[in-house]
Amino acid sequence: MSETPPVAAAAGNMAVRRARPRHPLQVQWTVIHALFVRNLSAQFGKLRGGLAWAFVEPLLQVLFFTMIYYMRGRQELSNIPIPMMVITGVIPFILFRQITNASSKAFRQADALFNYRLVQPIDPILAHAMHHTVFFIFTLTSFLVFAHIIHFYFEQVLILELVMNISLLILFSLGFGLNFTVLVTMFPEAKRVIPFAVRPLFFVSGIFFTAESISSEYRHYLLWNPLLHVTEITRSCFYYSYPSHGDLGYVAICAAISLTFGMTVFHLNRRRLLQE
Amino acid sequence: MIQIAHLTKSYELDDGRRHIVFKDASVTIPPDVNVAILGDNGAGKSTLLRLLAGVDQPDSGRIKTKKTLSWPVTLRGGFLGSMTGRENCWVVFSVHGYSHKEISEKLALVKEISGIGDYFNEPVKNYSSGMRVRLGFALCMAFDYDYFLLDEITSVGDAAFRETCKSWLLAQNQRHNIILVSHQMSTVRQFCQIALIVKDRKIFLEEDIEKAVAPYADE
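Residues numbered from 1 in each chain as written. Chains lettered and ligands numbered in written order. Predicted model: local features only at pLDDT ≥ 70, side-chain atom pairs only at ≥ 80, totals over all residues.

A. Inspection of the overall build of chain A at higher detail. In terms of helices and strands, chain A carries 12 helices and two strands. Sequence-ordered secondary structure for chain A, helices as α and strands as β, is α-α-α-β-β-α-α-α-α-α-α-α-α-α. Along the three orthogonal principal directions, the C-alpha set of chain A runs to about 85 × 45 × 35 Å. Here chain A holds 276 residues, and the buried ones make up 39% of them. In chain A, of all internal contacts separated by at least 6 residues, the share reaching a separation of at least 24 is 77%. (Helix = DSSP H or I, 4+ residues; strand = E, 2+ residues; numbered from the N terminus. Buried ≥ 20, exposed ≤ 12 C-beta atoms within 10 Å, placed from the backbone. Contact = placed C-beta atoms within 7 Å.)

Below, the structure is given as structure tokens:
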């Protein structure tokens, strides 16, 4: 062994690599992708329970509401089998809930990485949204395929309309996620309040009922809620005979408002967010 | 050469007032020298480092340079406690756009330079502050920056670590420079040729390192 310190030898071997100038969007994509892979590996590595929960939670909801409807002697509602109705309701809702509630947590957990100037405040939030979008695709697909196997057939798949609908849902949720991240940074108590504010939406977003089954007297009140529109459209993507009350245009407007507001608030407060 | 022109930076405090760190501060750092940043506690040394690194933005004014500057290597080090040293380094390389093959080479290099052995595969929250700094420094060294920004890290490193830093600087044959915040004047004298003195919301350049450290020598 020579007396050369290992560090000097290592420095000699080190390939000199000047980073070529990259487009800012390319940089951002690299960052988001890195964070995304980190999140995935964390979930697959240590938190295997978290991975299972992504399937168990919707499964419990489906079983619970199916049981209730079957006990009352109903096997379908507005031309859609009960299990399929709950699947198409609860899985998009979980996506919404994850992005709105947990964005601020994703932001906090990544704060050490803001030490590297390539990492922008919004990146961990986008990576988080991407993570749950992937989970959404996996859960929805596997539930639908499984339902199909046990003879709960769906009639069609309007894939473009579905993609459009879910994309708008993600943008809508993202706007709230950004707002809530700023809110939680300014008022840490908000962390406890926000889940309570989001929870009631579960009961009015058509997860265990259809808009058609509500009397028309009250229906138009419920239809102010864009999440109900999302649920309705999701169902009509799989059942052509489903009497949908969903309006994609309304969802688009809500998504645009939510996202514009969220991004504005986030951008105006970006320095304060980094100041901790 | 790094030009700092009319730099103004303030922070909003929790009680709503503004704390002004720099006001219209201008200074030019000459090329190819190692720079110390000196000043009293709270004078804005770390803030200056963060501004140089581009992880914080000035209220007004500009920092102009054609050189590349590292991120600030600090005691806390930009690590996520729940992840292992290896995973943390993976994220940093990955964020900077390195390919899989390059990353695995560099991870081996970081493990070797840091000298933390099997702790490389332990969560960072289990590290001592010395190990954290070793990892942070080793990680930064795996990049090819012109200037490395070091914040107080020599104060926790043991003699072996300081020897590592020194041999690395010599091995680089002045290809790289450092900008160092330190309260240990012996370290400053050993590594730096000039000093920036942060005082009264301004930044002054002192070309004579002995003169610069004199007021702080007692600490």
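B. Examining the overall build of chain B more closely. For chain B, the helix and strand inventory stands at seven helices and nine strands. Here the C-alpha coordinates of chain B stretch approximately 45 × 40 × 35 Å along the principal axes. Within chain B, the fraction of its 219 residues that count as buried is 44%. By sequence separation, contacts in chain B at least 24 residues apart represent 67% of the contacts at least 6 residues apart.

C. Here's a closer look at the pairing of strand 4 (residues 60–65) of chain B. Residue and element names in this part refer to chain B. Counting buried positions along strand 4 gives zero out of six residues, so the element sits mostly on the surface. Pairing of strand 1 (residues 2–12) with strand 4 involves five bridges; the strand directions are antiparallel. Its bridge partner lying in strand 4, Gln3 is registered against Lys64. (Pairing = 2+ DSSP bridges.)

D. The arrangement of the sheet that holds strand 6 (residues 147–151) of chain B in detail. Residue and element names in this part refer to chain B. Taken in spatial order, the six strands make up an open sheet running 5-6-7-3-8-9, and their pairing is mixed. A single partner strand is all that each edge strand has here, and the edge strands are strand 5 (69–73) and strand 9 (202–206). Going from strand to strand, the sheet's axes swing by 20° on average, the running direction of each strand aside. Strand direction decides the pairing type here: strand 3 (residues 35–39) and strand 7 (residues 177–181), joined by three bridges, are parallel. Along strand 7, the bridge assignment pairs Ile37 with Val181. (Axes fitted to C-alpha atoms, helices over the stretch in contact; angles between N-to-C directions.)

E. Fine view of the domain arrangement of chain B. All names here are of chain B. Splitting chain B by domain gives domain 1 (1–68 + 145–219) and domain 2 (80–143). Relative to domain 2, the C-alpha centre of domain 1 lies at a distance of 25 Å. Taken together, the nine residues of domain 1 in the interface contact nine residues of domain 2. For the side of domain 1 that touches domain 2, the element with the highest residue contribution is helix 5 (residues 159–171), accounting for three residues. Among the residues forming the side of domain 1 that touches domain 2, the class breakdown is seven nonpolar, one polar and one charged. (Domains from an automatic or database assignment. Nonpolar A, V, L, I, M, F, W, Y, C, P; charged D, E, K, R; others polar.)

F. Broad picture of the confidence of the model for chain B. All names here are of chain B. Confidence in the prediction for chain B averages 86 pLDDT; 97% of positions are at 70 or higher. Element-level pLDDT for chain B is lowest in helix 5, with a mean of 76, against a maximum mean of 92 in helix 2 (residues 85–95). Here the complex is predicted with pTM 0.88, and the ipTM for its interfaces comes to 0.86. (pLDDT = per-residue confidence, 0-100.)

G. View of unusual backbone geometry. Residues and elements named next belong to chain B. Despite not being glycine, Asp32 shows a phi value in the positive range, around 60°. Checked against the element boundaries, Asp32 lands in the loop between strand 2 (18–29) and strand 3. Here Arg201, not a glycine, exhibits a phi torsion of approximately 65°, which is positive. Mapped onto the elements of the fold, Arg201 is located in the loop between strand 8 (194–199) and strand 9.

H. The arrangement of the confidence of the model for chain A in detail. All names here are of chain A. The share of residues in chain A with pLDDT of 70 or more is 90%, and the mean pLDDT across the chain is 87. Here helix 1 (residues 6–13) stands out as the least confident element of chain A, with mean pLDDT 44; helix 11 (residues 248–268) is the most confident, with 96. Throughout residues 1–18 the model reports pLDDT below 50, and contacts reaching past four residues in sequence, or to other chains, amount to 23 contacts.

I. Geometry of the packing of helix 6 (residues 159–186) of chain A against helix 10 (residues 226–238) of chain A. Residue and element names in this part refer to chain A. Look at helix 6 against helix 10: their axes get within 9 Å of each other, and the N-to-C directions meet at 160°. Between helix 6 and helix 10, the angle falls in the class roughly antiparallel. Our pair here, helix 6 against helix 10, has a crossing hand that is left-handed. Where helix 6 abuts helix 10, its residues Glu161, Leu162, Asn165, Leu169 and Phe172 lie against Pro226, Val230, Ile233, Thr234 and Cys237. (Parallel < 35°, antiparallel > 145°, perpendicular 65-115°, else oblique. Left-handed = near helix turned anticlockwise from the far one by under 90°.)

J. Structural detail: the sheet that holds strand 1 of chain B. Residue and element names in this part refer to chain B. Strands sit in the order 2-1-4 across an open sheet of three strands; the sheet is antiparallel. Taken across any chain shown, the strands that pair with only one partner, and hence form the sheet edges, are strand 2 and strand 4. For this sheet the average axis-to-axis angle between neighbouring strands, irrespective of direction, equals 20°.

K. Expanded view of helix 5 of chain B. All names here are of chain B. Between the first and last C-alpha of helix 5 there are 18 Å, a value that for 13 residues agrees with the 18 Å anticipated at 1.5 Å per step. Along helix 5, the positions that sit buried rather than exposed are Thr164, Cys165, Trp168 and Leu169. Burial along helix 5 is one-sided: seen end-on, the buried residues are contained in an arc of 130°. Of the residues in helix 5, the exposed ones pointing more than 90 degrees away from the buried face are Ala159 and Ala160. (Expected span 1.5 Å × (residues − 1). Arc of directions from axis to C-beta.)

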